[in-house]
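Below are the chains, spelled out letter by letter.
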Amino acid sequence: MNTHNPNDFRYRVRRSDDTQPRYDRVPMAVRTLSSNTLFQGEHEIGIEHHGALYRLKITRQGKLILNK
């Protein structure tokens, strides 16, 4: 389930010569971590979120799967 947080975007004003200002939604910077940093040589890690344990795994094909 995707959730949208309206605070994830900021607005940028774009002006043309003779028109009203236009406001564009621009995504804010997201903190990014390398999977190598997260997994540190392992193929599975646990993530505790609001009291529930999630498991993030690297598959044989190199993709990520998140299970509750």
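Preceding block: the structure.
Basis of the calculations
- Residues numbered from 1 in each chain as written.
- Predicted model: local features only at pLDDT ≥ 70, side-chain atom pairs only at ≥ 80, totals over all residues.
- Heavy atoms only, no water.
- Salt bridge = Lys/Arg side-chain N within 4 Å of Asp/Glu carboxyl O.
- Helix = DSSP H or I, 4+ residues; strand = E, 2+ residues; numbered from the N terminus.
- Buried < 20%, exposed > 50% of the residue type's maximum accessible area, 1.4 Å probe, protein only.
- Contact = heavy atoms within 4.5 Å.
- Pairing = 2+ DSSP bridges.
- Axes fitted to C-alpha atoms, helices over the stretch in contact; angles between N-to-C directions.

Student: Please give an account of the pattern of salt bridges that cites residues and values.
Tutor: Applying the stated criterion across every chain, the model contains 1 salt bridge. Note that R55 is salt-bridged to E44, the shortest N-O span being 2.7 Å. Remark: E44 occurs in strand β3 (residues 44-49) and R55 occurs in strand β4 (residues 52-58); sequence separation between them is 11 residues. Exposure remark for R55: the relative accessible area of 37% places this residue in the partly exposed category.

Student: Can you break down the environment of Y54 residue by residue, with the values?
Tutor: In this fold, Y54 is placed in strand β4. By relative accessible area, Y54 is classed as partly exposed at 22%. With residues up to four places along the chain from it excluded, the contact list for Y54 reads I45, G46, I47, H49, L66, N67 and K68.

Student: Explain the pairing of β3 residue by residue, including any values.
Tutor: As judged from the 6 bridges shared by β3 and β4, these two strands associate in the antiparallel manner. Its bridge partner being in β4, E44 is matched across the sheet by K57. Hairpin connection from β3 to β4: 2 residues lie between these consecutive antiparallel strands, with H50 at a positive phi of about 50 degrees.

Student: Before we move on, could you go through the sheet that holds β4 and cite the residues and values that matter?
Tutor: Read across the open sheet, the 3 strands follow the order β3-β4-β5; overall the sheet is antiparallel. Every other strand in the sheet has two partners, leaving β3 and β5 (64-67) as the edge strands with one partner each. This sheet shows a mean twist of 25 degrees between the axes of neighbouring strands, independent of strand direction. As defined by bridge partners, β4 adjoins β5 across 4 bridges and the pair is classed as antiparallel. Within the sheet, the bridge partner assigned to L56 lies in β5 and is L66.

Keep in mind these numbers describe shape, not what the thing actually does.
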